[in-house]
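# Chain and residue survey
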Amino acid sequence: MKSTRLFSCLALVLAVTAFSAAAQSSRPLPRRPNIILIVANGLSAGDLSCYGQTLFQTPNLDKLAAGGIRFTHYSAGAPAGSPARAALMTGRDISSAANDVTLLPGDMTVAELLKNSGYFTSLIGEWDLGGEGSSGAPWFKGFNEFAGYFTSPDAADPYAQSIWRYECDPVHNDLQLFNGTEQVYANSGGQKVQYIPDWLVTLSGTFVDKHRPDVFNHYRPFFLMLSCPIPGNGNRVVPTDAPFSEEPWPQAQKNRAAMISRLDNNIGQLLQQLDKFGQGSNTVVFFTSDTVAKKAGGIDPKFFHENPSTNSLRVPMIVSWPGKIPAGQVSDVDCSARDFLPTVAGIGAVTPPGKIDGVSFFPALFGQTNK
């Protein structure tokens with residue numbers, strides 16, 4: 001059964017004519033899977049109960065891991081958030097870069113790669129790789145839609161009064177329908193009504209419903225990157241520390257656990273919506289984090305035993321593709337954020353750029369050992 005699944009998935013890749021990274025396609029390939037990348041902020045592998053956390057549970061992410069594969073030796077692309085995200089997006093080793101990275105015109109991202117081959121692409125949440133006036137703006141880096149924040153400080157405001165939104169014409173990709181700030185009316189006047197991390201997940205569910213492949217869009221698959229601003233590294237606010245209010249922990253640790261629990265619940269809701277819209281079995285879901293937890297704002301990463309070493313960049317990487325990736329796998333293949341782009345290229349049946357540092361862990365998804 002394992003070899004049959006692997007053969008059918010590899011056949012998908014080999015049977016389709018390879019696309020150049022810069023080639024444009026007017027019609028997408030039929031019935032390729034949707035791809036969702038969920039990126040948490042400052043979440044170490046040990047924060048999840050499926051990775052050994054015992055002080056609290058993350059049942060929805062545990063379920064996602066049980067239905068697919070969990071990597072135990074996956075590392076963030078860099079210690080700092082912006083270079084780590086750059087590695088994830090470009091497949092290149094940018095670990096020596098400064099804290100703030102602005103992508104250049106020649107930096108090919110995974111979103112560009114998929115968009116050029118016919119995927120409809122969206123970024124919801126934190127970007128951190130270039131502002132609206134730069135070459136690294138999301139619409140220059142392959143995203144048909146963007147709803148979120150350019151920088152980590154902006155994304156850290158849990159009750160922001162506005163959000164940046166970009167939308168292009170779904171047929172004519174270069175025609176902008178909207179590009180600017182949009183008010184979050186529930187938070188106007190300093191009100192604290194709409195918790196932004198929750199709202200970003202709601203927007204993601206709306207996107208999945210609006211852009212699900214069907215006969216009207218020629219079964220065009222989508223790529224959605226949901227970049228969650230929580231749990232953060234001691235500088236995030238959570239509406240309540242429940243269900244950990246009575247725990248004999250420092251308040252900062254209660255808040256962190258509550259944010260991780262909230263993140264887990266939100267992801268569970270998004271996965272339920274995928275099934276509701278009939279896309280559960282037609283969607284590959286990746287879950288990871290940009291960086292590990294850091295000691296800041298009263299947060300002590302050692303409190304939850306998140307990493308065995310203070311120098312570790314170990315973050316979670318869970319991949320689920322119901323009916324394709326065999327369930328219940330645990331892989332110790334050494335891989336990192338820069339390997340994400342070539343892996344997704346294999347799933348999307350496209351050729352990755354030539355000058356990258358990453359190596360595809362596509363075979364590992366199906367129980368095969370990477371060279």
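In case you missed it, the structure is sitting above this.
Now for a description of the structure that goes with this document.

About the cut-offs
- Residues numbered from 1 in each chain as written.
- Predicted model: local features only at pLDDT ≥ 70, side-chain atom pairs only at ≥ 80, totals over all residues.
- Heavy atoms only, no water.
- Helix = DSSP H or I, 4+ residues; strand = E, 2+ residues; numbered from the N terminus.
- Expected span 1.5 Å × (residues − 1).
- Buried < 20%, exposed > 50% of the residue type's maximum accessible area, 1.4 Å probe, protein only.
- Contact = heavy atoms within 4.5 Å.
- Pairing = 2+ DSSP bridges.
- Axes fitted to C-alpha atoms, helices over the stretch in contact; angles between N-to-C directions.
- Parallel < 35°, antiparallel > 145°, perpendicular 65-115°, else oblique.
- Nonpolar A, V, L, I, M, F, W, Y, C, P; charged D, E, K, R; others polar.
- Phe/Tyr/Trp six-rings, centres within 6.5 Å; stacked < 30°, edge-to-face > 60°.
- Lys NZ or Arg CZ within 6 Å of the ring centre and 35° of its normal.

### What about helix α6 (residues 196-210)?
Spanning 15 residues, α6 covers 21 Å between terminal C-alpha atoms, matching the ideal 21 Å at 1.5 Å per step. Among all positions of α6, only Ile 196, Pro 197, Asp 198, Trp 199, Leu 200, Val 201, Ser 204, Gly 205, Phe 207 and Val 208 are buried. Close packing links the buried residues of α6 with β1 (34-41), β4 (120-126), β5 (145-149), β6 (162-168), β8 (222-231) and α7 (251-276).

### Remarks on the pairing of strand β10 (residues 317-320)
Every second residue of β10 is oriented toward a common face, with Met 317 and Val 319 on one face and Ile 318 and Ser 320 on the other, all of them buried. Where strand β2 (residues 69-71) meets β10, three bridges bridge the pair, whose relative direction is antiparallel. Across the sheet, the residue bridging to Arg 70 is Ile 318, located in β10. Sheet topology places strand β9 (residues 283-289) next to β10; four bridges connect them, and they run antiparallel. Paired with Phe 287 across the strands is Ile 318, a residue of β10.

### Description of the packing of α6 against α7
Where α6 contacts α7, the axes come no closer than 10 Å and their chain directions differ by 10°. With respect to α7, the element α6 is oriented roughly parallel. Contacts between α6 and α7 involve Pro 197, Asp 198, Val 201, Ser 204, Gly 205 and Val 208 from the former and Arg 262, Asn 266, Leu 270, Gln 273 and Leu 274 from the latter. Classifying every residue of the contact of α6 with α7 gives five nonpolar, four polar and two charged.

### A word on the pairing of β6
Taken across its seven residues, β6 has five buried, putting it largely inside the fold. Pairing analysis gives four bridges linking β5 to β6, with the strands arranged antiparallel. Residue pairing for β6: Gly 148 is matched across the bridge by Trp 164. Bridging between β6 and strand β7 (residues 176-183) involves seven bridges; their strand directions are antiparallel.

### Focus on the packing of aromatic side chains
Applying the stated criterion across every chain, the model contains 21 aromatic pairs. Every member of this aromatic cluster is reached through a ring pair, and the members are Trp 139, Phe 140, Phe 146, Phe 150, Trp 164 and Tyr 166. The positively charged end of Arg 70 is found above the aromatic ring belonging to Tyr 51, 4.9 Å away from the centroid. Against the face of Phe 178 rests Arg 165, its NZ or CZ located 4.3 Å from the ring centre.

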